[in-house]
Each structure stands twice: as structure tokens, then as C-alpha cells.
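In case you want the letters, here they are:
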Amino acid sequence: MYLSWIIPTYNEERRIEKTIREVNGYLQSKNLSEGYEIIVADSTSADRTPEIVRGLAGEILCLSLVSVENKGKGWAVREGMLHATGAIRLFSDADNATSPDHFDKMIPFFGKIRNARMMLSVIGNAAARCWREIANHFHHIYLDEYVIMPNHVHGIVVIDHGRARNYEKCADCAARR
């Protein structure tokens, strides 16, 4: 699988169908020979969002719905990423505030797929290396999933003061910011 496109949702019944159709149309136009999937990570919406997605999944075979706990957008993105199988994984909001064609600008930053594995570009390797380095500077955090974007990185940094050697160490880290 080449690409996994994650869409986190919570009560998005007014816009989710349009968004899914736009994303799918864009991805179809790319003729991705290795395939793609669209994952909607729904945070227990109280509206018809899950029902709409399930209905579209009968028509758009690469579409799936993942129901997640409502712990916020970051959690939904994380859970969607964990369910994804693509060598490249990205997310976009349900309102398509960033249009799908922005992916064209991101392709050079990813690298190439070889034997179903991502071989990062020079820029991708630098971003991944910098991301992993963060944990070496802050003893009370651990790093979770991350996504490299064209000009920034989205990542989940878990702050765990219990992992700090002592409270003063946490205060020292915070003061350096």
C-alpha cells in the first residue's frame, strides 16, 4: 500500500461526504499503482457521520471507518495512523481546509517506495532524525506518531512527569523553552 489518508471526524455529517469524494477523486486521478486507502477515524460522533461513511464504503472500496474514543483530534489521528497500512500516511481535516492537491507539493519530501517500505528522501531523513532527537533533550516525554509535512512536522509528544528523575528536572526543561 502506497498511501493512507486519514480523516479525523467528530460530528461532521454536513461535510464528510463531500470531503471523502474530493479526496477519493484526487487519489484516483493520481493512478497510484501501489494503491491507497482512506480511513475516517471517528471520535464517537453523535450525528450521522459514521452512518454516512459506512454508506460510502459500499461505493468507495478503499474507504474504511475506525471508531475511536473521543479523546480529541490528536487521538483520532493517532488511532487512524495505527490502523493505516500505507508506506506514506497523512491526515487532513474533514472540512478540506487544505485541499487534497496539496499532496502534490509534499511528494518530493517523502522519498520512494521499495519493497513496500518507505525510503525517505534527504529531507525526510533529516526531519525523522530531528524528531527522534527530541526525546534525548527532555527526560519526561516520549514520542508517539508523527507526520512530516512540506514545511513542518505534526507529532504527538506525550508528557509524563512520572518519567522525570525529579520535579526540578521537569522545571529545568520547561525553563529552557
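Nothing here was measured: the structure is a model prediction, and the numbers come from that model. (Residues numbered from 1 in each chain as written. Predicted model: local features only at pLDDT ≥ 70, side-chain atom pairs only at ≥ 80, totals over all residues. Heavy atoms only, no water.)

Chemist: What is the right way to read the overall build of the chain from this model?
Modeler: From N to C terminus, the chain includes six helices and eight strands. Evaluated residue by residue, the chain yields a buried proportion of 40% over its 177 residues. (Helix = DSSP H or I, 4+ residues; strand = E, 2+ residues; numbered from the N terminus. Buried < 20%, exposed > 50% of the residue type's maximum accessible area, 1.4 Å probe, protein only.)

Chemist: Please explain the sheet that holds strand S3 (residues 63–67) as it appears in this structure.
Modeler: Pairing between the strands of a sheet is mediated by backbone hydrogen bonds and can be parallel or antiparallel. Pairing is parallel in the open sheet, where four strands are placed in the order S3-S2-S1-S4. Both edges of this open sheet fall to S3 and strand S4 (88–91), since each of them pairs with a single strand only. Strand-to-strand twist of the sheet, defined as the mean angle between neighbouring strand axes without regard to direction, takes the value 25°. On the sheet, helix H3 (residues 73–83) packs against strand S1 (3–9), strand S2 (36–42), S3 and S4 and is oriented at approximately 150° with respect to S1. The strands that helix H4 (residues 103–110) touches are S1 and S4; relative to S4, the one it contacts most, it runs at about 145°. (Pairing = 2+ DSSP bridges. Axes fitted to C-alpha atoms, helices over the stretch in contact; angles between N-to-C directions. Contact = heavy atoms within 4.5 Å.)

Chemist: Can you help me understand helix H2 (residues 49–57) in this one?
Modeler: Because an α-helix completes one turn every 3.6 residues, residues spaced three or four positions apart along the sequence face the same direction. Within H2, the full set of buried residues consists of Thr49, Pro50, Ile52, Val53 and Leu56. Looking straight down H2, one finds that the buried residues subtend no more than 160° of arc, so they occupy a single side. Exposed side of H2, more than 90 degrees from the buried face: Arg54 and Gly55 are the residues found there. Packed against the buried residues of H2 are S1, helix H1 (16–29), S2 and S3. (Arc of directions from axis to C-beta.)

Chemist: Before we go on, may I ask you to explain the confidence of the model for the chain in this structure?
Modeler: For any part of a model where pLDDT is low, the fine detail of the predicted coordinates should not be relied upon. On average, residues of the chain score 86 in pLDDT, and 89% of them are at 70 or above. Confidence drops under pLDDT 50 across residues 165–174; counting only partners more than four residues distant or on other chains, this segment forms nine contacts. (pLDDT = per-residue confidence, 0-100.)

Chemist: Sorry if this is basic, but what is going on with the packing of H1 against H2 here?
Modeler: If you want to describe how two helices pack, look at the angle between their axes and the distance between the axes. For the pair H1 and H2, interaxial distance at closest approach is 10 Å and the crossing angle is 35°. The way H1 lies across H2 gives a crossing that is right-handed. Contacts between H1 and H2 involve Ile16, Glu17, Ile20 and Arg21 from the former and Thr49, Ile52, Val53 and Leu56 from the latter. In terms of residue class, the contact of H1 with H2 is made up of five nonpolar, one polar and two charged. (Left-handed = near helix turned anticlockwise from the far one by under 90°. Nonpolar A, V, L, I, M, F, W, Y, C, P; charged D, E, K, R; others polar.)

Chemist: What is the right way to look at H1 in this model?
Modeler: An ideal rise of 1.5 Å per residue puts 20 Å on 14 residues; H1 measures up with 20 Å between its terminal C-alpha atoms. Those residues of H1 that sit buried are Ile16, Thr19, Ile20, Val23, Asn24, Tyr26 and Leu27. End-on view of H1: buried residues confined to an arc of 160°, all on one side of the axis. Those residues of H1 that are buried are in contact with S1, S2, H2, S3 and H4. Of the residues one or two after H1, Asn31 is the one with positive phi, at around 50°. (Expected span 1.5 Å × (residues − 1).)

Chemist: Help me understand the side chain of Ser92, please; the structure alone is not making it clear to me.
Modeler: Mapped onto the elements, Ser92 comes out in the loop between S4 and H4. On the basis of relative accessible area, Ser92 is assigned to the buried category, the value being 7%. Within the local environment of Ser92, its side chain forms a polar contact with the side chain of Trp5, the two groups lying 2.7 Å apart. If we skip the residues at most four places from it in the chain, Ser92 touches Trp5, Ile6, Ile7 and Pro8. (Polar contact = N/O pair within 3.5 Å; in protein donor to acceptor, adjacent residues only side chain to side chain.)

Chemist: What exactly am I supposed to notice about the packing of aromatic side chains here?
Modeler: Geometrically, a pair of aromatic rings is defined through the distance of the ring centres and the angle of the planes. Throughout the structure, instances matching the rule amount to three aromatic pairs. Seen from their ring centres, Trp5 and Phe103 are 6.4 Å apart, and the 65° between their planes marks the pair as edge-to-face. Taken as a pair, Trp5 in strand S1 and Phe103 in helix H4 lie far apart in primary sequence, 98 residues in all. Owing to a relative accessible area of 3%, Trp5 belongs among the buried residues under this scheme. Relative to Phe103, the ring of Tyr26 lies with its centre 6.4 Å away and its plane at 85°, an arrangement referred to as edge-to-face. Of this pair, Tyr26 sits in helix H1 while Phe103 sits in helix H4; the two residues are 77 residues apart in sequence, bridging distant segments of the chain. Comparing Tyr26 with Phe103, the two get one shared label, buried. (Phe/Tyr/Trp six-rings, centres within 6.5 Å; stacked < 30°, edge-to-face > 60°.)

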